Amino acid sequence: MATAGFFYTALIFLCSFAAVCFAKLAKTGLDSLRQRPGEKPEKSDGRDEKSDKPQPVYYIVEKKRARRASYGRPREIKFSDDK
C-alpha cells in the first residue's frame, strides 16, 4: 500500500512539473512571436533622446551612533503590590 502511495505521489509531481515546464515554454514562444526580429522596441522610459547625459546618483548615508565610553549605574526598579 505504501509503495502505491509513493508511486502516485511521484506521478503527480512529475505531471505537475511537466505542465509547468510546458506552460513556461509556451509563454516564451508566444513572447518571441509577438516581437518581430526586425522591429526595435519603442523607448517609453520618459527620457528625452537628446539628453543622454547620465543623471546624478544620490546616496543616503546614516551615521553610526558611537558607543558610550562608560555606562551609568543601573537603576533599581521597585514594584508595589499594594494596589
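Going by the structure above, here's the rest.
Residues numbered from 1 in each chain as written. Predicted model: local features only at pLDDT ≥ 70, side-chain atom pairs only at ≥ 80, totals over all residues. Heavy atoms only, no water.

What to know about the overall build of the chain
Secondary structure summary: the chain contains one helix and zero strands in total. In the chain, which comprises 83 residues, the share counted as buried stands at 0%. As displayed, the chain offers around 10200 Å² of accessible surface, 58% of which is attributable to carbon and sulfur atoms. (Helix = DSSP H or I, 4+ residues; strand = E, 2+ residues; numbered from the N terminus. Buried < 20%, exposed > 50% of the residue type's maximum accessible area, 1.4 Å probe, protein only. Areas by Shrake-Rupley, 256 points an atom, 1.4 Å probe, with all protein chains shown as cover.)

So, helix α1 (residues 2-34)
For α1, with 33 residues, the first-to-last C-alpha span of 48 Å sits near the 48 Å given by 1.5 Å per residue. Burial of α1 is sparse: only zero of the 33 residues sit out of reach of the surface. (Expected span 1.5 Å × (residues − 1).)

With respect to the pattern of salt bridges
For the coordinates displayed, the defined rule picks out two salt bridges. Salt-bridge contacts for D31 lead to K27; the nearest nitrogen and oxygen are separated by 3.1 Å. Taken together, the residues span about one helical turn, with D31 and K27 both in helix α1 at a distance of four residues. Looking at D31, the relative accessible area reads 35%, which means it is partly exposed. The closest approach of N and O atoms between R34 and D31, which form a salt bridge, is 3.8 Å. In this pair, R34 and D31 are both assigned in helix α1, three residues apart and thus about one turn of the helix distant. Its relative accessible area of 63% is what places R34 among the exposed residues. A single salt-bridge network, built from bridges that share partners, covers K27, D31 and R34. (Salt bridge = Lys/Arg side-chain N within 4 Å of Asp/Glu carboxyl O.)

Don't take any of this as a statement about function, it's just geometry.
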